[in-house]
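Structure at a glance
So the chains spell out like this:
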Amino acid sequence: TYDKNTIIPQKVRAALKELGTAWEYEAEFIKRADISYTDLAAFRDMFSDHVVIVKRENKKIWCGTVAFANQLKELT
C-alpha cells in the first residue's frame, strides 16, 4: 500500500483510462492522477508513448491512448 513503484503507475494508468481519447496538459493530468510532479517525473519514461511535447509552447501533453498520441506527434 505504500510502495510508490506500484501506486504511482496504477494512478497514472487509471488517469489515462479516464482521459480516454482526449488529451490534457501535464499540470491538469497531474491533478487528474492525484500525484505530485516529482512522482510523475520518476515514472514519466514508463508512459512516454502517451506524452507529446509541444515545442512551440515548451509543454508536455498527455494523451489517453497511444494511437491518439501518435496522431498528435505527426502533427507537431
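Let me sum up the structure you'll find in this document. Keep in mind the model is a prediction, meaning the values are calculated, not measured. (Residues numbered from 1 in each chain as written. Predicted model: local features only at pLDDT ≥ 70, side-chain atom pairs only at ≥ 80, totals over all residues. Heavy atoms only, no water.)

Concerning the sheet that holds strand 3 (residues 59-63)
- The strand order 1-3-2 describes an open sheet built from 3 strands, whose pairing is antiparallel. Of all strands in the sheet, those with a lone pairing partner are strand 1 (23-25) and strand 2 (51-54), marking the two edges. For this sheet the average axis-to-axis angle between neighbouring strands, irrespective of direction, equals 30°.
- Bridge count between strand 1 and strand 3: 3 bridges; the pairing is antiparallel. Following the sheet pairing, Tyr25 is matched in strand 3 by Ile61.
- With respect to the sheet, helix 1 (residues 4-19) is in contact with strand 1 and strand 3, its orientation differing from that of strand 3 by roughly 75°. (Pairing = 2+ DSSP bridges. Helix = DSSP H or I, 4+ residues; strand = E, 2+ residues; numbered from the N terminus. Axes fitted to C-alpha atoms, helices over the stretch in contact; angles between N-to-C directions. Contact = heavy atoms within 4.5 Å.)

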